[in-house]
Amino acid sequence: MVTDLVRQQLAAACHRLAAEGLLIGTAGNVSVRDGDRVAVTATGAVLGELTVDQVVEVDLDGNLVGGSLQPTSEVYLHLSIYGTYDVAAVVHTHAPVSTAASISLGEIPVVHYQQLLLGGAVRVAPYATFGTPQLATRVVAALEGRAAALMANHGSVAIGATLDKAVENALLLEWLCTVYRDALAMGKPATLSRKQQEDVIAAAIARNYGTVQQAPQEGQA
Ligand SMILES: [Zn+2]
């Protein structure tokens, strides 16, 4: 049983993604896994105004177990991801710059060190009709070793160990696509070499980058 708190958190995540311009009208969908249940946005819901009543509960086979509305048409995309990767949340958007990148590019090469938080070069899953198992299979493959991917001529998908992390990854991907678009407009973007990427990862581990640092208490070394 998905708790009311999870429903509220899912609604809040949708409101934030809509405020940031990533979810537009009814386009896109978000889910959170809670054990063997998945809370997912209802089809046709305006995501920027999503209410807890518009959160649908399904089991891992897609059977409706809570709520009276139909789940998003991309429910199998979400379930395929949960069936393959150990993640707790999935964010799918038609965010404008990510979607433009999915139309024009074959991948986003590694052009900024923050991109390594997404796992490296961002793949573009080949096109397939929305809502189909074929699309789900292609997106799952594009996500291997990654926290985000583009879906050709469609949009973006981001995953995370928590709902907040999946939201952050969706925002990071849209930022990255925006920066890369501008870099392409200015000239020929340079990419980070394998050595440069390895050095970033080593530095991040050494500094515990990306996690909140506790300031040393007085009297401690
Ligand atoms: Zn879509």
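Residues numbered from 1 in each chain as written. Predicted model: local features only at pLDDT ≥ 70, side-chain atom pairs only at ≥ 80, totals over all residues. Heavy atoms only, no water.

1. Some words on the overall build of the protein
Then, in step 1: Check the secondary structure of the protein and you find 6 helices and 9 strands.
Then, in step 2: Along the three orthogonal principal directions, the C-alpha set of the protein runs to about 55 × 50 × 30 Å.
Then, in step 3: For the protein, buried positions account for 44% of its 221 residues.
Then, in step 4: A separation of at least 24 residues holds for 61% of the contacts in the protein among residues at least 6 apart in sequence. (Helix = DSSP H or I, 4+ residues; strand = E, 2+ residues; numbered from the N terminus. Buried < 20%, exposed > 50% of the residue type's maximum accessible area, 1.4 Å probe, protein only. Contact = heavy atoms within 4.5 Å.)

2. Details of the nonpolar core
Then, in step 1: Of all hydrophobic cores here, the largest spans 41 residues; its most connected members are Leu 17, Val 30, Ile 108, Leu 118, Leu 150 and Leu 163.
Then, in step 2: Elements that contribute at least two residues to this core include exactly helix 1 (4-19), strand 1 (29-34), strand 5 (89-93), helix 3 (96-104), strand 7 (122-125), strand 8 (148-151) and helix 5 (163-186).
Then, in step 3: If you tally residues by element for this core, the top one is helix 5, at 10 residues.
Then, in step 4: Setting aside residues no more than four positions away along its own chain, Ile 108 makes contact with Ala 101, Gln 115, Ala 121, Val 122, Leu 150, Leu 176, Cys 177 and Tyr 180.
Then, in step 5: Ranked by size, the runner-up nonpolar core spans 24 residues in total, among them Tyr 82, Val 90, Ala 125 and Ala 142. (Core = buried A, V, L, I, M, F, W, Y, C linked by side-chain atoms within 4.5 Å.)

3. Side note on the side chain of Asn 169
Then, in step 1: Relative to the helices and strands, Asn 169 resides in helix 5.
Then, in step 2: Judged by relative accessible area, Asn 169 falls into the buried class, the value being 5%.
Then, in step 3: Filtering out sequence-adjacent residues up to four positions away, Asn 169 remains in contact with Leu 118, Ala 147, Ala 158, Ile 159 and Gly 160.

4. Section: the pairing of strand 3 (residues 55-59)
Then, in step 1: In terms of burial, strand 3 is largely enclosed, as 5 of its 5 residues are buried.
Then, in step 2: Where burial is concerned, the two faces of strand 3 agree: the one with Val 55, Glu 57 and Asp 59 and the one with Val 56 and Val 58 are both buried.
Then, in step 3: By the bridge criterion, 5 bridges tie strand 2 (residues 37-41) to strand 3 in an arrangement that is antiparallel. Across the sheet, the residue bridging to Val 38 is Val 58, located in strand 3.
Then, in step 4: Taken together, the 2 bridges between strand 3 and strand 4 (residues 64-66) define a ladder with antiparallel strand orientation. Paired with Val 58 across the two strands is Leu 64, which belongs to strand 4.
Then, in step 5: Counted between consecutive antiparallel strands, the loop separating strand 3 from strand 4 contains 4 residues, among which Gly 62 sits at a positive phi close to 90°. (Pairing = 2+ DSSP bridges.)

5. Topic: helix 5
Then, in step 1: The terminal C-alpha atoms of helix 5 lie 35 Å apart, and with 24 residues this matches the ideal 34 Å at 1.5 Å per residue to within 8%.
Then, in step 2: Among the residues making up helix 5, those that are buried are Leu 163, Ala 166, Val 167, Asn 169, Ala 170, Leu 171, Leu 172, Leu 173, Glu 174, Leu 176, Cys 177 and Tyr 180. (Expected span 1.5 Å × (residues − 1).)

6. A look at the pattern of salt bridges
Pairs may arise between side chains of opposite charge once their charged atoms sit close together.
Then, in step 1: With the rule as written, the count across this model stands at 6 salt bridges.
Then, in step 2: Two residues, Arg 16 and Glu 168, come together in a salt bridge whose shortest N-O distance is 3.0 Å. You can see Arg 16 sitting in helix 1 and its partner Glu 168 sitting in helix 5, a full 152 residues away along the chain.
Then, in step 3: We classify Glu 168 as partly exposed; its relative accessible area is 36%. (Salt bridge = Lys/Arg side-chain N within 4 Å of Asp/Glu carboxyl O.)

7. Things to note about the sheet that holds strand 6 (residues 107-108)
Then, in step 1: Spatial ordering of the open sheet is given by 4-3-2-1-5-9-8-7-6, a layout of 9 strands whose pairing is mixed. Looking at strand neighbours, the two that pair on one side only are strand 4 and strand 6, the edges of this open sheet.
Then, in step 2: Taken together, the 4 bridges between strand 1 and strand 5 define a ladder with antiparallel strand orientation. Pairing of Val 30 across the sheet is with Val 91, part of strand 5.
Then, in step 3: The strands touched by helix 3 within the sheet are strand 6, strand 7, strand 8 and strand 9 (155-160), with strand 8 carrying the most contacts at an inclination of about 65°. (Axes fitted to C-alpha atoms, helices over the stretch in contact; angles between N-to-C directions.)

8. Overview of the packing of helix 2 (residues 75-84) against helix 4 (residues 133-142)
Then, in step 1: Two elements in contact, helix 2 and helix 4, have axes whose closest approach is 9 Å; the angle formed by their N-to-C orientations is 40°. Of the possible angle classes, the one that applies to helix 2 and helix 4 is oblique. Crossing handedness for the pair helix 2 and helix 4: right-handed. The segment helix 2 lies against helix 4, with Tyr 76, Leu 77, Ser 80, Ile 81 and Thr 84 engaging Ala 136, Val 139 and Val 140.
Then, in step 2: Classifying every residue of the contact of helix 2 with helix 4 gives 6 nonpolar, 2 polar and no charged. (Parallel < 35°, antiparallel > 145°, perpendicular 65-115°, else oblique. Left-handed = near helix turned anticlockwise from the far one by under 90°. Nonpolar A, V, L, I, M, F, W, Y, C, P; charged D, E, K, R; others polar.)

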